[in-house]
Amino acid sequence: MTTYQYASVAAAEFRLLEVHPGVGTTPMVCSLKANSLEDEPIYEALSYSWGDPSIRTTITCDGKDIEVTVNCQQALQHIRHSHKARIMWVDAICIDQSSIPERNQQVPLMGRIYRQASSVLIWLGAEAGQSDFAMTLLLRLKELRLKHERQILFDMMEAAFIRNPKIKSGISSGKDKVLESILSGVQSQLDKQTANGVTSDGLLLHKDHENEGIPGLTDPKWEILTKFFGRSWFSRVWVFQEVVLAKQATLFCGKKSISWEDLSLALNGMVHTLRPVSPAVNYANPLFMGMKRETMREEGNIDFLELLNTLKDFDCTDPRDRVYGVLGMTSRPSGLPWLDVDYSLSTTELFRKTTIAVLKDNSIGLDVLLFAQQPHRLKGLPSWSPDWTSRLPSKYLASPSWFRAAGVRDSSTQPAGFSISDDNTTIDVIASIVCSIAKLGSAMPAEAETDQELEILEQKACVYEEWREMIRDAEFRAPVYEGQSIEEAFWRTLVVDSGEPMTERADQSMEFNYKHFYSKLRFARRGFFKDMLDDPVVARKYSGGLCMMFGLQDPYFKAFYRASTHVRGYRFGILDSMGWFCLVPESAEEGDSIYVIKGLDVPFVVRGKGDGRVLIGPCFVQGLMDGRFTDMAEQVGVYFGNMTLK
């Protein structure tokens, strides 16, 4: 059989696949036809993980062969109808993947294609690893979440009706028949709810037995759900858009299926219903997809930089898709040059072009520099351009609304000035040097896999202790910031001087949490665990890690630990002339300089002199974040001027 030859399509056209009926593993037969998006044809879109591109098979399309991955073939075989055709859009078939010009033309349409689809069918793969049990458990968790929400509602209604003396008086006198009917219904439901284990506080998970059909807290069955969410579909860049833009979405795994709405309820049940803690299941990616799906429905688009930054932890075969895969979810800046899909560009060229496009967008501007952090994995990329393939800390330290290191931004004026060189290799910004880094501690480890948890927690405990020793060994003894002791400046640095929520500055209650945190560490180091474990070597070697693990059950210990999560991947440091404390990127070195850049709310670490300066990344400096340096700069003869970054 001859190979299928694609005919060209017009600018607003796209191809739809008619999947002919069939059952089981009978051969796949289909046909392709060009359609116009303007005509709003009725179709469904397929979302799936391509799988290994080297393992391919063929399907018959209009009497000719089209090569597809095995995963694509399996998806179509499982989803096709048995007695009638199914009209679908499937990227690997409906786009000529061998033609760069066609990919450049069709990829920009994908956002609209998924928006207009009547539904998105998500293929997770064939049944394996007890996935049928995982799907059944998710449906049970969905029912549990609904039961929890009903119980909360009933409790509210009970408080409003049964315990309200005015309403009770009106009903007893027979004046309000409507309220009497409502009260009767509420009381009936409350009587039914009394018999089950779900209260308005949720469901208490016992350690060793099921309750409401849900495994116990330490039941190994939860690992099945972890493996289920570990399927490749949940970590692909492109599928994020396909879920977020879908009118309706259904997940298929083998012969089982669940709607996206039911999956979201199940995930919310794990987060909000199960007590005292959620089981150890990694469901972060689908939970985040669901959150952004709601954002898209409410606001119509999602912040471009947030998407680029967050999806760094998702996978894609072609790194250029880290940019192209999110364009359909963002609004295009009006009247400004923006990004066109061009697969002839190298990844380095695309990332630099993306940064320049964002810099020229007045609504974002220099904020793109907040995501630029060394070291870059891509060679030839300017230091001022984020490397979206890098898996450094997923976000700059923090962005509380009160940060204004370069002074208060005036929304009525143009953004801070900058210029881009003609060859697009350097940018000039308006900046002022603060001082240099005199001393640096070790970097705080990032999160790890479960089997490394105790070891990583021990490393974290050691770094927390090392940092505190640094301030005790410091050569100065005067307060490092107006009205603050060295100790207060230190704990405020570790929590980036922010409380909960992060829109507010940390209050003195955090100082108690900080002292509680370090006192438990000291207690653990004195041998607290040696009598609790059979292995004294483990008790001694991992005393800090054990303290962190058990300490997280303590609300005060946990409060400080959570508030200081922004230190992951950063180093604590002391600045030279000021004596201020700082948190800087892991790649920072002693001798690097701290600069304040006009138009940005956080300071930056910069390396080098003259026209050869390299942007290392954003940082936090206690005493510098509220604009104090900018206010006093002219008083002490410090002025802002042009700085060239390469």
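Reading the values: the criteria
Residues numbered from 1 in each chain as written. Predicted model: local features only at pLDDT ≥ 70, side-chain atom pairs only at ≥ 80, totals over all residues. Heavy atoms only, no water. Core = buried A, V, L, I, M, F, W, Y, C linked by side-chain atoms within 4.5 Å. Buried < 20%, exposed > 50% of the residue type's maximum accessible area, 1.4 Å probe, protein only. Helix = DSSP H or I, 4+ residues; strand = E, 2+ residues; numbered from the N terminus. Contact = heavy atoms within 4.5 Å. Lys, Arg positive; Asp, Glu negative; His and termini not counted. Salt bridge = Lys/Arg side-chain N within 4 Å of Asp/Glu carboxyl O. Polar contact = N/O pair within 3.5 Å; in protein donor to acceptor, adjacent residues only side chain to side chain. Pairing = 2+ DSSP bridges. Axes fitted to C-alpha atoms, helices over the stretch in contact; angles between N-to-C directions.

> Which residues make up the nonpolar core, and what values do they have?
The nonpolar side chains of a soluble globular protein tend to be buried, and buried together. Ranked by internal contacts, the top residues of the largest apolar core, which has 159 residues, are Leu76, Leu141 and Tyr464. The element that contributes the greatest number of residues to this core is helix H15 (residues 453–473), accounting for seven residues. Setting aside anything within four residues of it in sequence, one finds tyrosine 464 in contact with Met444, Leu494, Phe517, Tyr518, Leu521, Met548, Phe560, Tyr561, Ser564 and Val567. Counting residues in hydrophobic clusters, the runner-up holds 18 residues, among them Leu440, Leu575, Val584 and Phe629.

> I'd like a description of the side chain of aspartate 91, backed by residues and values.
Looking at the element boundaries, aspartate 91 is found in helix H2 (residues 91–94). Buried and without a salt bridge, aspartate 91 has arginine 236 as its closest oppositely charged side chain, separated by 9.3 Å. Within the structure, aspartate 91 has its side chain in polar contact with the side chain of tryptophan 50 (distance 3.4 Å). With residues near it in sequence (within four places) discarded, aspartate 91 still touches Tyr48, Trp50 and Gln97.

> How would you summarise unusual backbone geometry if you had to cite specific residues and measurements?
Each neighbour pair has its own omega, and for glutamine 374 with proline 375 the value is 0°, a cis peptide bond. Assignment of secondary structure puts proline 375 in the loop between helix H14 (347–359) and strand S12 (418–420). Positive phi is not limited to glycine here, since glutamate 40 has a value of about 50°. Structurally, glutamate 40 can be placed in the loop between strand S2 (29–36) and strand S3 (44–48).

> Before we move on, could you go through the sheet that holds strand S5 (residues 64–69) and cite the residues and values that matter?
Taken together, the nine strands give an open sheet; going across it, the order is S5-S4-S2-S1-S6-S3-S7-S9-S10, and neighbouring strands pair in mixed fashion. Both outer strands of the open sheet, S5 and strand S10 (256–259), are each paired with one neighbouring strand and no more. Sheet twist, expressed as the average angle between the axes of neighbouring strands with direction ignored, equals 40°. Two strands pair when backbone bridges link them, and S3 and strand S6 (residues 86–89) are joined in this way by two bridges, in the parallel orientation. Residue pairing for S6: glutamate 44 is matched across the bridge by methionine 88. Docked against the sheet, helix H10 (residues 260–272) engages strand S7 (119–125), strand S9 (249–253) and S10, running at close to 80° with respect to S10.

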